[in-house]
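# A structural walkthrough
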Amino acid sequence: MRLEDKTVLITGAASGIGKKTAKRCAEEGAYVVVTDVDSGSGEEVIDAIEENGGSAEFHRLDVTEREEFGEVVDTVADEHGLDVLVNNAGVGHPSTYLEDISDSVRDYVIGVNLMGVWNGCQAALPHMKEQGSGAIVNVGSLASILGFPKQATYSVTKGAVLNLTRTVAAEAGPFGVRANLVCPGFTDTRLLDQFLESFDDPEEAREEISEEYPLKRLGEPQEVADPILFLASDEASFVTGHALVIDGGFSIA
Ligand code: NAI
C-alpha cells in the first residue's frame, strides 16, 4: 500500500481526473477527503470508495472561497492530519481570441484555476510545515508549458500554476514539504467533452486531435491519476518542483 496511513485531500474530485485519483489513493490505503462543488457526484465517489473497502469523507468546497478552503483544511488537519493535497479542480472556457474574452469568463477561470490552487497552498502549507512533511500535487496542463490559440485565459492560469508550484517547492522544501505539477494532454473527461462541443463536429474533432498524438489517442483519467499518486507517495521523496508531462508524446512530436 503506497499511501497507507496518509490523509489525502483532493479538490474537484467528483468527476474525471480528480475522481479517479480519489479512488486510486483509497485503493493504496489513504484516507481520502473528496471535495467538490458538486455534492451529489461527490457523495457517489464516497460510496464507491467505501464499497471497495476504502475510507473517505466528502466536503462541499468551492476552491475560489478562500475562507471556506481554510476551514475545510483546518478541520481535516485537526482530525486526521494532512499528508497530501491535490489541487485538481479546474474549468475550461469557450475557444475565443484573447481580445474577445469577456471579463467575467477571464475572472471566473482565473478564480478557479489559479486562485483555487493558491488558496489550497495557503491553507495547507502551515499544517504541512508544522508537521515537517507533506506533498502538494497541482494539476496543470500542457497549457502550462505550451501556448494554445484561443485558450489565453486557461493557458495563463496553467502557466502561473507551474511557477506557483516551483515557488512552493523552493519555499517549503526546507520544511520537508514537496510540491509538484502534472501537465496532462487531452484526457477523456467532461472538461474535454465541453471543449469538443465548440467544434462543428465534436467526434471528428476528437479523431483529428487524437491523430496529432504520437500514441494516436487521448489520455484516460487513470493515466493521470497514477502519476499523481506517484508524486504524492514516498516513492517520489526526492522529487520536488517538477512538472511531469503526461501527453502521449504530443509536446515532443
Ligand atoms: P472535470 O470537469 O471532469 O472535473 C473537474 C471537477 O472540478 C468537477 O467535478 C467540477 O465540479 C469541479 N470544479 C469546478 N469548479 C470548481 C470549484 N470552483 N471548486 C471546486 N470544484 C470545482 O474535468 P477534468 O478533466 O477531470 O479536470 C481536472 C483537472 O485536469 C483540471 O484542473 C483541468 O484543467 C486539468 N486538465 C484536464 C485536461 C483534460 O483534457 N481533461 C487536460 C489538462 C489538464
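As a starting point, this report considers the structure included with it. (Residues numbered from 1 in each chain as written. Predicted model: local features only at pLDDT ≥ 70, side-chain atom pairs only at ≥ 80, totals over all residues. Heavy atoms only, no water.)

## Description of the overall build of the protein
Helix and strand counts for the protein come out as 8 helices and 7 strands. Computed over its C-alpha atoms, the radius of gyration of the protein comes to 17 Å, within 12% of the 18 Å expected for a compact globule of 253 residues. With respect to the principal axes defined by its C-alpha atoms, the protein has extents near 50 × 35 × 35 Å. Looking at the protein as a whole, 49% of its 253 residues are labelled buried. In the protein, the share of contacts with a sequence separation of at least 24, taken over all contacts with a separation of at least 6, comes to 71%. Put simply, the protein has 18 plus and 44 minus side-chain charges, and the middle of one group is 5 Å from the middle of the other. (Helix = DSSP H or I, 4+ residues; strand = E, 2+ residues; numbered from the N terminus. Rg over C-alpha atoms; globule rule 2.2 N^0.38 Å. Buried < 20%, exposed > 50% of the residue type's maximum accessible area, 1.4 Å probe, protein only. Contact = heavy atoms within 4.5 Å. Lys, Arg positive; Asp, Glu negative; His and termini not counted. Charge placed at Lys NZ, Arg CZ, Asp CG, Glu CD.)

## Points about the nonpolar core
Core analysis: the largest hydrophobic core is formed by 33 residues, its most contacted members being Leu 9, Leu 82, Leu 125, Met 128, Ile 136 and Val 168. At the level of elements, α3 (66-80), α4 (103-131), α5 (152-172) and β6 (177-184) are the ones that each hand at least two residues to this core. Among the elements that make up this core, the one with the highest residue count is α4 (9 residues). Sequence-distant contacts of Leu 9, defined by excluding residues within four places in its chain, comprise Val 33, Thr 35, Val 72, Val 73, Val 76, Leu 82, Val 84, Leu 85 and Val 86. (Core = buried A, V, L, I, M, F, W, Y, C linked by side-chain atoms within 4.5 Å.)

## Some details on the sheet that holds strand β3 (residues 55-60)
If you trace the 7 strands from one edge of the open sheet to the other, you get β3-β2-β1-β4-β5-β6-β7, paired in parallel fashion. The open sheet has two edge strands, β3 and β7 (243-246), and neither has a second partner. Pairwise comparison of adjacent strand axes, ignoring direction, gives a mean angle of 20° for this sheet. Here 6 bridges tie strand β2 (residues 31-36) to β3, and the two strands are oriented parallel to one another. Counted as the bridge partner of Thr 35 is His 59 from β3. Each of β5 (134-139), β6 and β7 is contacted by α5, which is oriented at about 160° to β6, the strand it contacts most. (Pairing = 2+ DSSP bridges. Axes fitted to C-alpha atoms, helices over the stretch in contact; angles between N-to-C directions.)

## Quick look at the environment of Gln 122
Relative to the elements of secondary structure, Gln 122 occurs in helix α4. Classification of Gln 122 as partly exposed rests on a relative accessible area of 37%. Counting along the chain gives 98 residues from Gln 122 to Glu 220, while the straight-line C-alpha distance between them is 30 Å.

## Thoughts on the pattern of salt bridges
Evaluation of the coordinates by the stated rule reveals 13 salt bridges. Note that Arg 24 is salt-bridged to Glu 28, the shortest N-O span being 3.5 Å. You can call Arg 24 buried: its relative accessible area is 11%. Judged by relative accessible area, which is 14%, Glu 28 ranks as buried. For the salt bridge of Arg 206 with Glu 203, the shortest nitrogen-to-oxygen distance reads 3.6 Å. Linking Arg 206 with Glu 203, this pair stays in helix α7 (residues 202-211), spanning 3 residues, or about one helical turn. Here Arg 206 falls in the buried class, since its relative accessible area comes to 16%. What makes Glu 203 partly exposed here is its relative accessible area of 46%. Linked by salt bridges that have partners in common, Arg 2, Arg 24, Glu 27, Glu 28, Asp 226 and Glu 235 make up one network. (Salt bridge = Lys/Arg side-chain N within 4 Å of Asp/Glu carboxyl O.)

## Observations regarding the site of the ligand
In the region of the ligand, 27 residues are neighbours, and Ser 15, Asp 36, Asn 88, Tyr 154 and Thr 189 sit closest. Tyr 154 is positioned with one of its side-chain polar atoms (N or O) 2.6 Å from an oxygen atom of the ligand. Between the ligand and Lys 158, the relevant distance is 2.9 Å, taken from an oxygen atom to a side-chain nitrogen or oxygen of the residue. Burial of the ligand by the protein chains amounts to 95% of its free accessible area of 830 Å². For the shell around the ligand, the class distribution of residues is 13 nonpolar, 10 polar and 4 charged. (Near = heavy atom within 4 Å. Polar contact = N/O pair within 3.5 Å; in protein donor to acceptor, adjacent residues only side chain to side chain. Areas by Shrake-Rupley, 256 points an atom, 1.4 Å probe, with all protein chains shown as cover. Nonpolar A, V, L, I, M, F, W, Y, C, P; charged D, E, K, R; others polar.)

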